[in-house]
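# Coordinates in review
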Amino acid sequence: MNLEAYQNILDDVRLDSESTYLSLQLPTHGYDLDEQKIFSYFHESQGARYWFRSKDDRYNTIGIEYLESIRRDKYSAKALSVQKSSLYGKIQQVPLEADMQSSLSLFGGTRFDSKDTSDEWNDFAMVDFHLPKWQFDLANKELFYSVRLETVDIASVLTEISRELENISAVTKSTFEAPQINMEKDIFPEEWKALVDQAVDILDDRDFRKVVLARQRLLTFKSQVDPLFLLKRLNDEADTYTIYYEKGKSLFISKSPEKLFDIRSNTLTTNAIAGSSERTGEAAKDEGQKAFLLKDEKNRYEHELVRESIVEDLKPYTDRVEFTAEPDVLENKYIYHLHTPISAELTDETSVFELLDAIHPTPAVGGMPKDRAREYIMQEEHGTRGLYAAPIGIIHEDNESEFVVAIRSMLLHANSATLFAGCGIVKGSSSEKEFEETRVKFTPMLNVLGVETR
Ligand SMILES: C=C(O[C@@H]1C=C(C(=O)O)C=C[C@H]1O)C(=O)O
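Residues numbered from 1 in each chain as written. Predicted model: local features only at pLDDT ≥ 70, side-chain atom pairs only at ≥ 80, totals over all residues.

Looking at an unreviewed UniProt entry, one finds the protein chain named isochorismate synthase and attributed to Salinicoccus cyprini. As recorded by UniProt, the Catalytic activity (unreviewed entry) comment attached to the protein chain reads in full: "chorismate = isochorismate". Note on the protein chain: under the UniProt heading Sequence similarities (unreviewed entry), the record states "Belongs to the isochorismate synthase family." (UniProt positions renumbered as here; feature names shortened; annotations may be inferred.)

What follows is the structure in structure tokens.
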């Protein structure tokens, strides 16, 4: 396929000298592209690449090179809306075919909270959203190629893009090695159990009903983990989101089952996911695990708090919130969760950043009441959550968007990986059982690292 066939369309475009960027939207169905080839080809862009894949494949998007970013040290929904409009206002978008499917998007998110961070999260600001130079939409087989308008040569740009796409298609699968582990250990396991016990003493069923406490596991390797190995392993677990997010010297990865929300037209869709039991892989035992989860009082209580809170948080923005009366079971590879789908028709033009602020953190990762739990986590939990359990996703020029609760996640630096996992603590929780639950929740990331597979 030759993109030069579009030259006549491009020749007719009047370049807008007021714009900073030109963004060409092109079909790529003539090329053989996948995430391995793209990341292998753009290895020199390491530190400014992402891959975001929705659970249902609505998005399967790769971004290479951050052309411009919206970055803030403090969350402000209003300021973010202004920054977003101003960024889109600087881009002249040129689709080269009618009826194209994808939208030029920004990828990024916010940290879990504003706790002062240690060095380990320094590469990520409180809020970061990126416009990439290359945005590959693998689901729709489309590409956005965005460049500074003043540098673009309209006569040759399509030939250049064509050449690059041919080169990417020609990448032969490179080989990669599984990381070799030096050391693997839980960070402050006994202190974490003591903290859970302390929380159980404080929690009641009225003023402070739930708090989610997270812990970490550290792995070090003999050498830096190969991104191509991780990308391959990320395809192993189905029915989850894929977040692969490079920034500077850091790499954040999540294989979350949990959507924070998505917005299509005026409909916001979300879910309550809370209440867990291990999936062992043995069919007969697992039927018991599911049956237990559906009737266990503590899990049901945890789940209902989350559902109620999300429904309450949405009320100012909608006339009607819909959800099923009874939760069902969400089946992941290593774990079962209670799950309630929720949807709402949005009334006014509420910005995606206001909704983000209203909904995050749900009591599935924070607690109840939300502010009290957030304070408790900031003060008592060891370490900094950073992007763990934070909202990460894709936004468009309008309100269309999809955000994930970035759990089942890890942060990689040089030769080490820090894995994060938390669980809901309510009155009556047992620290030993919760410790075990967080162990199970590390499994998806151990699987991505090739350490534990099933
Ligand atoms: C906090 C995490 O998971 C959350 C807590 C759950 C629970 O307590 O049952 C279940 C699903 C998630 O909403 C995590 O995986 O780190």
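The next thing to look at is the overall build of the protein chain. When helices and strands are counted, the protein chain shows eleven helices and 21 strands. Taking 2.2 N^0.38 as the reference for a compact globule, 454 residues should give roughly 22 Å; the C-alpha atoms of the protein chain span a radius of gyration of 22 Å, in line with that estimate. With respect to the three principal axes, the spread of C-alpha positions in the protein chain is 70 × 55 × 45 Å. The burial tally for the protein chain puts 43% of its 454 residues in the buried class. Taking contacts inside the protein chain between residues at least 6 apart in sequence as the whole, the part at least 24 apart equals 77%. (Helix = DSSP H or I, 4+ residues; strand = E, 2+ residues; numbered from the N terminus. Rg over C-alpha atoms; globule rule 2.2 N^0.38 Å. Buried ≥ 20, exposed ≤ 12 C-beta atoms within 10 Å, placed from the backbone. Contact = placed C-beta atoms within 7 Å.)

On to the domain arrangement of the protein chain. Parsing the protein chain into structural domains produces domain 1 (3-169) and domain 2 (181-448). Taking only C-alpha atoms, the centre of domain 1 and the centre of domain 2 are 28 Å apart. Contact residues are listed per partner, giving 40 residues for domain 1 and 42 residues for domain 2. Those elements that place two or more of their residues in the side of domain 1 that touches domain 2 are helix 2 (35-41), strand 2 (49-53), helix 3 (77-89) and strand 5 (106-110). Across the side of domain 1 that touches domain 2, the residue classes break down as 17 nonpolar, 13 polar and ten charged. (Domains from an automatic or database assignment. Nonpolar A, V, L, I, M, F, W, Y, C, P; charged D, E, K, R; others polar.)

Attention now moves to the site of the ligand. Lining the immediate environment of the ligand, one finds 19 residues, of which S276, A364, I407, G422 and G424 sit closest. When residues of the shell around the ligand are traced back to their parent elements, those giving at least two are strand 9 (210-221), strand 13 (267-278) and strand 21 (416-426). Of the residues belonging to the shell around the ligand, the class tally is ten nonpolar, five polar and four charged. (Near = placed C-beta within 6 Å.)

Along the chain, S114 falls in the loop between strand 5 and strand 6 (127-137). Expressed as a C-alpha distance, the spacing of S114 and I202, which sit 88 residues apart in the sequence, is 24 Å.

Here we take up the packing of helix 3 against helix 9 (residues 352-359). The contact between helix 3 and helix 9 brings their axes to 8 Å, and the two run at 150°. One way to sum up the angle between helix 3 and helix 9 is to call them roughly antiparallel. For the pair helix 3 and helix 9, the sense of crossing is right-handed. Contacts between helix 3 and helix 9 involve A77, L80 and S81 on the former and, on the latter, F353, E354 and D357. Looking at the contact of helix 3 with helix 9 residue by residue, the classes come out as three nonpolar, one polar and two charged. (Axes fitted to C-alpha atoms, helices over the stretch in contact; angles between N-to-C directions. Parallel < 35°, antiparallel > 145°, perpendicular 65-115°, else oblique. Left-handed = near helix turned anticlockwise from the far one by under 90°.)

This part is about the UniProt feature "domain: Chorismate-utilising enzyme C-terminal" (unreviewed entry) in the protein chain. Those places that UniProt annotates as "domain: Chorismate-utilising enzyme C-terminal" (unreviewed entry) correspond, in this numbering, to residues 190-441. From the first C-alpha to the last, residues 190-441 spans 18 Å; its make-up is 32% helix and 36% strand.

Before going further, it helps to examine unusual backbone geometry. Cis geometry is adopted by the peptide bond preceding P361, which originates at H360 and carries an omega value of -10°. Summarising the element assignment, P361 is placed in the loop between helix 9 and strand 17 (367-368). In this structure, the amide linkage connecting M368 to the following residue, P369, adopts the cis form with an omega of -5°. Examined against the element boundaries, P369 turns out to sit in the loop between strand 17 and helix 10 (370-380). In this model, D99 sits at a positive phi of 55°, which is unusual for a non-glycine residue. Within the element layout of this structure, D99 appears in the loop between strand 4 (91-95) and strand 5. We note that D239 has phi near 60°; this positive angle belongs to a residue other than glycine. Within the fold, D239 resides in the loop between helix 6 (227-233) and strand 10 (242-247). The exposure class of D239 is exposed, given the 11 C-beta atoms found within 10 Å.

One finds V211, I243, Y244, I253, A406 and I425 to be the most contacted residues of the largest nonpolar core, which totals 111 residues. Sorting elements by how many residues they give to this core places strand 21 first, with seven residues. Counting only domains with at least three residues in this core, you end up with domain 1 (3-169) and domain 2 (181-448). Residues contacting I243, with those up to four places away along its chain left out, are F52, I253, S254, I392, V404 and A406. (Core = buried A, V, L, I, M, F, W, Y, C linked by C-beta atoms within 7 Å.)

On to helix 4 (residues 157-169). The end-to-end C-alpha distance of helix 4 is 18 Å, a good match for the 18 Å that 13 residues give at a rise of 1.5 Å each. Where helix 4 is concerned, the buried positions are L158, I161, L165 and I168. In a view along the axis of helix 4, the buried residues occupy a sector of 85°, so they form one face of it. Turned more than 90 degrees away from the buried face of helix 4 sit R163 and N167, all of them exposed. Of the surrounding secondary structure, the elements contacted by the buried residues of helix 4 are helix 1 (7-11), strand 1 (21-27), helix 2 and strand 7 (142-148). (Expected span 1.5 Å × (residues − 1). Arc of directions from axis to C-beta.)

Counting buried positions along strand 19 (residues 401-405) yields five of five residues, so the element is predominantly enclosed. Where strand 12 (residues 259-264) and strand 19 come together, four bridges link them in antiparallel fashion. Among the inter-strand pairings, I263 is bridged to a residue of strand 19, identified as S401. Relative to strand 19, strand 18 (residues 391-395) runs antiparallel, the two being bridged by five bridges. Among the inter-strand pairings, I395 is bridged to a residue of strand 19, identified as S401. (Pairing = 2+ DSSP bridges.)

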